[in-house]
Amino acid sequence: MSNVTVSLQVNGQPVSRTVDSRTLLVELIREHLKLTGTHVGCDTAQCGCCTVQLDGHAVKSCSMLAIQANGGQVTTIEGLATGEALHPVQQAFRDCHGLQCGYCTPGMVMATIELLKRNPKPSEPQIRAGLEGNICRCTGYENIVRSVQAAAGV
Amino acid sequence: MYSFDYHQPSTLADALALGRGEVRYLAGGQSLIQSMKLRLSSTGGLVDLAALPDMRAIQVTADAVTIGAMTTHAQVAHSAELRAALPALAELAEGIGDPMVRNRGTLGGSVANADPAACYPAALLALDATVRTDRREIAADGFFTGLYETALEPGELIVSVRFRRPVQAAYEKFKQPASRLAMVGVFVARHADGVRVGVTGAKACAFRCAPIEQALTTDFSPAAAERIELPSGDMASDMHAGAVYRAALVSALAATAVTRALAR
């Protein structure tokens, strides 16, 4: 076993852990930092449940090593709300019933934030293309698209 | 994943020194990390290229576009300068994987990995690209040599790729719906001295399609591409698409690409 020391900011808090070099970013987040809002669905980069923000960009945390995020700033679903006030994208998903079981939701919210940052007023096809890397097995996507539209005000 | 030592050199010289050992270079990791997780590949050490300087630039000149090996697909897709100079390549990058994959995956990683269904290899062939490594320049025509095989020597590192700017070009792919890789992808580029057509997804590695190139050099129209019937004997065949279907897709996608190229 070969260890590495990973130092980064997670939701604004400095964090440092010495871990096996094989440790994935999602394993650091869930198992070492106990932030279990970030989910593992397929574990093969298909489903997008594990999406977090790294330095302002959405990434699949099951597809990168923790050490690759060394020195970076990670935001997980736990880092979005301000106190009791949900992030506007979280609020939109709540208002529009953009979830059923909720398993994919943290990844959907993270991907939506990236989508709206690149394109604040997306069309419906652009929303569907922007969420191409996130799979939902409950909703049929209709209410997810409406949630994104509500968050964007379109 | 099997255990490995992790290295993150900050200079090209250090990366190459490490590269002489039993290691793999790590670019964006969107293929390599997944294949290591599945234990389809393993290595004694990973040499992470993320800290190397000068590997993420996009340079546009009158006749070429040069892109650093560590440039992500998202950077290529969203570069206004590139979109103006070579829109077909920006569109290709925007169609790779999904937004999260594009934020990590790199041009150099894709080219070195030489996945038979990757998009970039088709562009390298059609745009008469030159792969610049730490030690030499390799023409795209001789770069892709087989299934996940390239002309790279052990330890050789891609620094950048230079693409020739075409008169008109477009890339058209038929996505494998689960992986979003190309079932078949066709990049058509009309240059001043003739048409080049790069195809991915249809054989063990990307290739140029001479019959369609000749037809389009004579007559750059969708019909000219569509009427070419390619032999299917050496086309890939799997649960997603048979060889005859893939052969037909090459001509059909080339025709669509010509339509889009003409519309620019």
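A few points on the structure. Note that this is a predicted model, so its numbers are computed, not measured. Counting starts from 1 at the beginning of each chain's written sequence and moves along it residue by residue. Chain letters and ligand numbers both follow the written order, the letters beginning at A and the numbers at 1. At least 70 in pLDDT is required for a residue's local features to be given in this predicted model, at least 80 for side-chain atom pairs to be given and counted, and no such filter applies to totals for whole chains, interfaces and linings, which use all residues. Computation of side-chain values: all heavy atoms of the structure, hydrogens and water removed.

With respect to the interface of chain A and chain B
Short version of the rule: Should any heavy atoms of two residues lie within 4.5 Å, those residues are counted as being in contact. Joining two parts hides part of their accessible area as seen by a 1.4 Å probe, and the buried area is that hidden amount summed over both. Counted as a polar contact is a pair of N or O atoms within 3.5 Å, where, for protein atoms, one must be capable of donating a hydrogen and the other of accepting one, and residues adjacent in sequence contribute only when both atoms are in side chains. Put simply, DSSP H or I for four residues or longer makes a helix, DSSP E for two residues or longer makes a strand, and each gets a number counted from the N terminus. Polar here means any residue other than Ala, Val, Leu, Ile, Met, Phe, Trp, Tyr, Cys and Pro, which are nonpolar, and Asp, Glu, Lys and Arg, which are charged; Gly is therefore polar.
With 31 residues of chain A at the contact, the number on the chain B side is 29 residues. Carbon and sulfur atoms supply 52% of the area that chain A and chain B bury against each other, a total of about 2,300 Å² over both sides. Considering only the side of chain A, the residues that lose the most area to chain B are Arg22, Gln68 and Glu132 of chain A, jointly responsible for 26% of the buried surface there. For the pair chain A and chain B, the number of links is 14 residue pairs in polar contact (both at pLDDT 80 or more). Listing elements by their share of the side of chain A that touches chain B, those giving two or more residues are β3 (51-54), β4 (57-60), α3 (105-118) and α4 (124-130) of chain A. It is β4 of chain A that provides the largest number of residues to the side of chain A that touches chain B, a total of four residues. Grouping the amino acids of the side of chain A that touches chain B by side-chain chemistry returns 13 nonpolar, twelve polar and six charged.

Focus: the packing of aromatic side chains
Residues and elements named next belong to chain B. The test is simple: Pairing of aromatic side chains here covers Phe, Tyr and the six-membered ring of Trp, requires ring centres within 6.5 Å, and sorts the geometry by plane angle: under 30 degrees stacked, over 60 edge-to-face, intermediate tilted. Burial here depends on accessible area, computed with a 1.4 Å probe over protein chains only, as a share of the maximum for the residue type. Under 20% is buried, over 50% is exposed, and the range in between is partly exposed.
Counting across every chain of the model gives three aromatic pairs over all chains. Measuring from ring centre to ring centre gives 5.0 Å for Phe143 and Phe144, while their planes differ by 80 degrees; the resulting arrangement is edge-to-face. The class for Phe143 is buried, based on a relative accessible area of 0%. The class for Phe144 is buried, based on a relative accessible area of 10%.

Brief notes about the layout of surface pockets
Going by this rule: In this analysis a 1.4 Å probe is tested at points of a 1 Å grid over the protein atoms alone, and where it fits but cannot get out there is a cavity; an open set with protein on both sides within 12 Å along at least five of seven lines is a pocket; lining residues have an atom within 4 Å of a point. Grid points are joined across faces, edges and corners, and a volume is the space filled by probe spheres set on the points.
If you add up the space inside the second largest pocket, you get close to 670 Å³. Elements supplying a minimum of two residues to the lining of the second largest pocket: α3 and α4 of chain A together with α3 (73-78), α4 (80-85), α5 (87-94), α6 (99-104) and β11 (168-175) of chain B. Taken together, the residues that form the lining of the second largest pocket break down as nine nonpolar, seven polar and eleven charged.

Describing the nonpolar core
General note: in soluble globular proteins, nonpolar side chains tend to be found buried as a group. Operational definition: Working definition of a nonpolar core: buried Ala, Val, Leu, Ile, Met, Phe, Trp, Tyr and Cys residues. They are joined through side-chain atoms within 4.5 Å.
Counting residues in each nonpolar core, the largest one holds 54 residues, and the members touching the most others are Ile67, Tyr120, Leu124, Phe163 and Phe187 of chain B. The element best represented in this core is helix α8 (residues 120-126) of chain B, accounting for six residues. When neighbours within four sequence positions are excluded, Tyr120 of chain B is seen to be in contact with His73, Val76, Leu89, Leu92, Ala93, Ile96, Leu107, Ser110 and Val111 of chain B. The next biggest cluster of nonpolar side chains, apart from the first, holds 32 residues, and it includes Met64 of chain A together with Met1, Leu32 and Ile33 of chain B.

Regarding the sheet that holds β3 of chain A
Residues and elements named next belong to chain A. Going by this rule: Only when DSSP finds a minimum of two bridges between them are two strands counted as paired. Every axis in this analysis is a line fitted to C-alpha atoms, fitted for helices over the stretch in contact. Angles between the N-to-C directions lie between 0 and 180 degrees.
The five strands lie next to each other as β2-β1-β5-β3-β4, forming an open sheet whose pairing is mixed. Looking at which strands have only one partner, the edges of the open sheet turn out to be β2 (13-20) and β4. The sheet shows a mean angle of 40 degrees between the axes of neighbouring strands, taken without regard to direction. For strand β1 (residues 3-10) and strand β5 (residues 73-75), the ladder comprises two bridges, and the chain directions are parallel. What sits directly across from Gln9, in β5, is Gln73.

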